[in-house]
Amino acid sequence: RGTGIAILGIYVADTAYLASRMPKIGETISGSGFSLGPGGKGSNQAVAAGRAGADVHFISKIGNDPFGKMALEIYEQTGVTAEIEVMDDMPSGAAFIFVNDETGDNAIIVYPGAAGTISIADVEKHRDVIEAANVFVTQLEQPAEAALKALQIARTAGVTTVFNPAPANPFDAACYGLTDYFVPNESEAAAIVGFEIETEQDARRAGEEFLKLGVKTALITLGEKGVYIHSPTLSRLIPAISNAPAIDTSGAGDAFIGGFATALSEGLEVEAAVQFGCATAGIAVTRRGTAPAMPTRDEIDALLRISEGRA
Ligand code: ATP
């Protein structure tokens, strides 16, 4: 059996512009702030796992440009092994994020750039990385056929699979049967089951649907409420954990997945691994940004000790 985590996904540079409103077509307005940072779900999950102390390998593609350089620097700083192809003829992915400086509401354009070209052949090139892991994680920001191929490789090699169906893009139904832990948020779960997830009962019903579709365990993230676990032997809510007010929940789902995968790869049972993921996300939401908000292992362990003391 392998060790560590392999993640397939995309990197984008998040460029966030603050202003009082969106400009109209043809108009230029003055902004009130700007920030630049590494983003992309797979990349954020890899950084979360790296900070949490995992041996994590991130499979992706970037451009030969300053945004791509920024990605490699953050992997270096956070102990993520970059299994990354640098393309000369495609730019790194980038996201335009408009943030309303009064309400915090946002509007986003994501262009995956080089990572949008991740093909089945690219996944095949990294077969050894997936097979050497004990946990594999992917999402739906890169082409969905690449996710399917990677899940097949992982399952055949006996690697535990975590599939985060985000964003809510279409994917091959064969993915369900290849998934050990299916991790949608409320809106992604609702898009699949066709009803809103508002209560614990809704989450349980959605979990039952996902099991019928073929996943082994569903973990539905419910924001500040926590995570609902549904499997044939377990159906319960694990409450969110926090020690300070949330100021920026962007990337909360990625923090949860990075933490959860870290704990799974260390051999923790599902409930304890979900708690570890909740502690990781519970700290990330108290800081601005996505990747830069991910906590260290010491911070996660300290929050878990406090929450166990309370329980
Ligand atoms: P995003 O799209 O913003 O990255 P998401 O919608 O994918 O997030 P959520 O379900 O909002 O994911 O959050 C994931 C996990 O993060 C939750 O299950 C919870 O453990 C934690 N979390 C989210 N919001 C809070 C909060 N306000 N306080 C504490 N923990 C939180």
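See the structure above.
Definitions and limits used
- Residues numbered from 1 in each chain as written.
- Predicted model: local features only at pLDDT ≥ 70, side-chain atom pairs only at ≥ 80, totals over all residues.
- Heavy atoms only, no water.
- Helix = DSSP H or I, 4+ residues; strand = E, 2+ residues; numbered from the N terminus.
- Core = buried A, V, L, I, M, F, W, Y, C linked by side-chain atoms within 4.5 Å.
- Buried < 20%, exposed > 50% of the residue type's maximum accessible area, 1.4 Å probe, protein only.
- Phe/Tyr/Trp six-rings, centres within 6.5 Å; stacked < 30°, edge-to-face > 60°.
- Lys NZ or Arg CZ within 6 Å of the ring centre and 35° of its normal.
- Pairing = 2+ DSSP bridges.
- Axes fitted to C-alpha atoms, helices over the stretch in contact; angles between N-to-C directions.
- Contact = heavy atoms within 4.5 Å.
- Near = heavy atom within 4 Å.
- Polar contact = N/O pair within 3.5 Å; in protein donor to acceptor, adjacent residues only side chain to side chain.
- Areas by Shrake-Rupley, 256 points an atom, 1.4 Å probe, with all protein chains shown as cover.

Our next topic: unusual backbone geometry. With an omega of -5 degrees, the peptide bond running from Ala166 to Pro167 counts as cis. You can see Pro167 is positioned in the loop between strand 9 (160–163) and strand 10 (181–182).

Bringing the nonpolar core into the picture now. Nonpolar side chains tend to gather and get buried jointly when the protein is soluble and globular. One finds Ile5, Tyr75, Leu219, Phe256, Phe260 and Val274 to be the most contacted residues of the largest nonpolar core, which totals 52 residues. One finds Val12, Val99, Ala115 and Leu151 within the second-largest nonpolar core, a separate group that totals 45 residues.

This part is about the packing of aromatic side chains. The description of two aromatic rings rests on the distance between their centres and on the angle between their planes. Enumeration over the complete set of coordinates arrives at ten aromatic pairs. Plain terms: the ring middles of Tyr181 and Phe260 are 5.2 Å apart, the flat faces sit at 75 degrees to each other, and that makes the pair edge-to-face. With a gap of 79 residues between them, Tyr181 in strand 10 and Phe260 in helix 8 (residues 252–265) connect regions that are remote in the sequence. Phe260 matches Tyr181 in its accessibility class, with the two residues each being buried. Members of the aromatic cluster, connected to one another through ring pairs, are Phe163, Phe171, Tyr176, Phe182 and Phe210. Its end group placed over the ring of Phe195, Arg205 keeps NZ or CZ at 3.9 Å from the ring centre.

This part takes up the sheet that holds strand 3 (residues 33–39). Reading across from one edge, 3-2-6-7 is the order of the four strands in this open sheet, with mixed pairing throughout. Each edge of the open sheet is held by one strand with a lone partner, namely strand 3 and strand 7 (106–111). Going from strand to strand, the sheet's axes swing by 15 degrees on average, the running direction of each strand aside. Against the sheet, helix 2 (residues 66–78) contacts strand 2 (12–19), strand 3 and strand 6 (93–100), and its axis sits at roughly 60 degrees relative to strand 3.

Bringing the site of the ligand into the picture now. Taken together, 20 residues surround the ligand, and among them Asn185, Thr221, Gly223, Gly226 and Thr249 come closest. A distance of 2.8 Å is found between an oxygen atom of the ligand and a backbone nitrogen or oxygen belonging to Gly223. For the ligand, whose accessible area on its own is 620 Å², the fraction buried by protein is 82%. Those elements that place two or more of their residues in the shell around the ligand are strand 12 (226–231), helix 8 and helix 9 (270–284).

Fair warning: the whole summary comes from geometry, so function is off the table for now.
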